[in-house]
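A look at the structure
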Amino acid sequence: MCIRDSARVIGTATLIVLGLCLCIISFLAYRYSLTVVTPIRTVTQAFEAFEKGNLDSTSHLTIPGSDEIAELAKWHNTFLDVVHLQRGAQEALALSEMRFKDFAEASSDWFWESDENHLITLVSDRFFETINIKPEDLIGHSRMEISDSFHGDAEHYGWKQHLKDLENHRAFRIIYPIYDRDNKVFYVRSSGKPVFDKTGKFLGYRGTGKDVSKEIKAEKALIEMNQTLEKRVQERTKALQFEM
């Protein structure tokens, strides 16, 4: 009986020890999972999410210590902070570009670009919707050719100074007439800004344009009316002097 009791006690004790060992192993495995496997998986998933464009830049890791896993968590958190700052900068840039576009569209009717030889390379669609001119009438042509439609009155529109501005790559603002395919005159206010690369090489111009025909025609009509009125006043004054 004593042997059997001793064997039973030993067996029970063995089972208890094995159970404790199993618990300890399970606990260590759980801790290993939390401190090693989970952080590595989280970092891997973060890079996958970043590649897909749906990374949560606020999901930081908290790993105490100074071992390799803690260092990995540190760099992971730094990476998330950089992504968060980059997204903020991109959003601010997009907002700034949208604001600039809104201001530009509110103050102009169309956009245009020219190359280093002043050849028109781009004009937005609204220009052709406003003025009956085909793209081939402008694209590939120089701004100098526009003066051909001035009917010999280029100097009246300050075109000589405008050509000097172009030659010296200066910003400009000018109003000049354009005749469409039906020989209807439109007055255009054009503004341009020179564009340079990082080395300072001139690349061309970017600018905006606006149809100011109504304003110019109203101004001309007012001038003509004043001239007519002045003429009548002079005629009436002469008539009164003659009567006297």
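Residues numbered from 1 in each chain as written. Predicted model: local features only at pLDDT ≥ 70, side-chain atom pairs only at ≥ 80, totals over all residues. Heavy atoms only, no water.

Across its full length, the protein holds five helices and five strands. When the elements of the protein are put in sequence order from the N terminus, they spell out α-α-β-β-α-α-β-β-β-α. Relative to its full complement of 244 residues, the protein shows a buried share of 27%. Taking contacts inside the protein between residues at least 6 apart in sequence as the whole, the part at least 24 apart equals 45%. Summing over all exposed atoms, the protein offers an accessible surface of approximately 17700 Å²; the carbon and sulfur share of this is 59%. (Helix = DSSP H or I, 4+ residues; strand = E, 2+ residues; numbered from the N terminus. Buried < 20%, exposed > 50% of the residue type's maximum accessible area, 1.4 Å probe, protein only. Contact = heavy atoms within 4.5 Å. Areas by Shrake-Rupley, 256 points an atom, 1.4 Å probe, with all protein chains shown as cover.)

Tallying each qualifying case throughout the model produces seven aromatic pairs. An aromatic cluster is present here, built from W112, F172, F196, F202 and Y205 joined pairwise through their rings. (Phe/Tyr/Trp six-rings, centres within 6.5 Å; stacked < 30°, edge-to-face > 60°.)

Counting residues in hydrophobic clusters, the biggest one holds 24 residues, and the most contacted among them are V123, F127, I131 and Y176. At the level of secondary structure, the elements contributing two or more residues to this core comprise strand 1 (110-114), strand 2 (120-123), helix 3 (125-130), helix 4 (159-167), strand 3 (172-179), strand 4 (185-196) and strand 5 (202-211). (Core = buried A, V, L, I, M, F, W, Y, C linked by side-chain atoms within 4.5 Å.)

On to the pattern of salt bridges, then. What the rule picks out here adds up to five salt bridges. For the salt bridge of K210 with D109, the shortest nitrogen-to-oxygen distance reads 3.6 Å. Linking K210 in strand 5 with D109 in the loop between helix 2 (68-107) and strand 1, this pair joins segments that are 101 residues apart in sequence. Take D109: its relative accessible area is 19%, and that puts it in the buried class. (Salt bridge = Lys/Arg side-chain N within 4 Å of Asp/Glu carboxyl O.)

This part takes up the pairing of strand 2. Where strand 1 meets strand 2, three bridges bridge the pair, whose relative direction is antiparallel. Directly across from E113, in strand 2, lies its bridge partner L122. Between strand 1 and strand 2, which pair antiparallel in sequence order, lie five residues; one of them, H118, sits at a positive phi of approximately 65°. (Pairing = 2+ DSSP bridges.)

Read across the open sheet, the five strands follow the order 2-1-5-4-3; overall the sheet is antiparallel. Edge positions in the sheet fall to strand 2 and strand 3, since each has one partner strand and no second. The average angle at which neighbouring strand axes cross in this sheet is 25°, direction not considered. Sitting on the sheet, helix 4 is in contact with strand 3 and strand 5, with an inclination near 125° to strand 3. (Axes fitted to C-alpha atoms, helices over the stretch in contact; angles between N-to-C directions.)

Here we come to the side chain of D109. Polar contacts involving the side chain of D109 include one to the main-chain amide nitrogen of D211, which spans 2.9 Å. Setting aside anything within four residues of it in sequence, one finds D109 in contact with R126, G209, K210 and D211. (Polar contact = N/O pair within 3.5 Å; in protein donor to acceptor, adjacent residues only side chain to side chain.)

Moving on: the environment of H84. Among the secondary structure elements, H84 is positioned in helix 2. Sequence separation between H84 and T58 is 26 residues; the distance between their C-alpha atoms is 7.8 Å.

You will see that H118, though not glycine, has its phi angle at about 65°, which is positive. Structurally, H118 is set in the loop between strand 1 and strand 2. Take H118: its relative accessible area is 8%, and that puts it in the buried class. You will see that N183, though not glycine, has its phi angle at about 65°, which is positive. Along the chain, N183 turns up in the loop between strand 3 and strand 4.

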